[in-house]
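Structural characterization, general
Here is what each chain is made of, one letter per residue.
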Amino acid sequence: MGKIISITNQKGGVGKTTTSVNLAAGLAYLNKKVLMIDIDPQANATQGIGVDRMQIKGTSYDIIVGDEEVKNVVLCTSVPRLSIVPASADLATADLELSELKTGRELRLKEKLARVKDDYDFIIIDCPPSLGLLNRNALAASDSVLIPVQCEYYALEGLTQLLSTIKFIQDSFNPDLSIEGVLLTMLDQRTNLGIEVSQEVRKYFRDKVYKTFIPRNIKLSEAPSEGMCIYDYDRTSEGAKSYANLSKEVIVRNGGK
Ligand SMILES: Nc1ncnc2c1ncn2[C@@H]1O[C@H](COP(=O)(O)OP(=O)(O)O)[C@@H](O)[C@H]1O
Ligand SMILES: [Mg+2]
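Let me sum up the structure you'll find in this document. (Residues numbered from 1 in each chain as written. Chains lettered and ligands numbered in written order. Predicted model: local features only at pLDDT ≥ 70, side-chain atom pairs only at ≥ 80, totals over all residues. Heavy atoms only, no water.)

**Looking at the packing of helix α7 (residues 133-141) against helix α8 (residues 159-172)**
Close contact between α7 and α8 brings their axes to 10 Å; oriented N to C, the two are set at 55°. Relative to α8, the element α7 is oriented oblique. Here α7 and α8 pass one another in a crossing that is right-handed. Contacts between α7 and α8 pair Arg136, Leu139 and Ala140 from the former with Thr165, Ile166, Phe168 and Ile169 from the latter. Classifying every residue of the contact of α7 with α8 by side-chain character gives five nonpolar, one polar and one charged. (Axes fitted to C-alpha atoms, helices over the stretch in contact; angles between N-to-C directions. Helix = DSSP H or I, 4+ residues; strand = E, 2+ residues; numbered from the N terminus. Parallel < 35°, antiparallel > 145°, perpendicular 65-115°, else oblique. Left-handed = near helix turned anticlockwise from the far one by under 90°. Contact = heavy atoms within 4.5 Å. Nonpolar A, V, L, I, M, F, W, Y, C, P; charged D, E, K, R; others polar.)

Spelled out as structure tokens, the structure:
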């Protein structure tokens, strides 16, 4: 049975998409069968992994808002064992459209994923920077949440709100939803600020924080413009090494699954 992990934080620019793409690809390179689902209207993960627009048969919008099935829209990527459900700009109105439904508006993605869950080892959902209905659909459908935290000022700000959304989903739809882990991203270890923030996050989330942290690394920001995961773009970069370590840590936390 596949494990469904949402990569979420309502702040933009904290490394959700970078983590989704490179964790999904990292797990696939460790021989896992992985599905990445892009539910951000910006479609950065879709572009970042190099999906050819001409190949898109349908998107996560058609699954969540429409009646489409995952298996009809899933695409292969250039990474072996990694497939994707692409996103499109029409997701921008999804929250509004979902809010008009009388029942089950939080459970659309969960119902669709239940039918393909067994086909994968991991399903990684790249969430939009909000706590709206798209995000709630992701959390309701997930086994766990991975929270990237950018090592900058105000890193912890907003996390209380995220934790209360997680609590709401647990209480209302998904009692088994757990915190998969907290990932320190864009850490600059040469600065006091980077070190202080990482200590603060570790103090707050304790052993939920991964031993692996992601350093600020230019290669990680260049790779998406070539439509490549970091391992294909520059396998020897610090970014590639750290995301490969994270992928191993995720597998270990899941009992070597
Ligand atoms: N570790 C990193 N080092 C350098 N740049 C990064 C790193 N992680 C992300 N970035 C860049 O920062 C920006 C925001 O990251 P992104 O993953 O898109 O965040 P989010 O999905 O949370 O909005 C992007 O331009 C991305 O390429
Ligand atoms: Mg993103």
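**Notes on the site of ligand 1**
Looking at ligand 1, there are 14 residues lining it, with Gly13, Lys16, Thr17, Thr18 and Asn217 nearest. Taking Val14, its main chain carries an N or O atom lying 3.1 Å from an oxygen atom of ligand 1. A distance of 2.9 Å separates an oxygen atom of ligand 1 from a polar atom in the side chain of Lys16. In a pocket analysis with a 2 Å cut-off to the grid points, ligand 1 is assigned to the largest pocket. When residues of the shell around ligand 1 are traced back to their parent elements, those giving at least two are α1 (16-29) and α10 (218-222). (Near = heavy atom within 4 Å. Polar contact = N/O pair within 3.5 Å; in protein donor to acceptor, adjacent residues only side chain to side chain. 1 Å grid on protein atoms, 1.4 Å probe; cavity = no way out; pocket = protein on both sides within 12 Å on 5 of 7 lines; lining within 4 Å. Sits in = over half its atoms within 2 Å of the grid points.)

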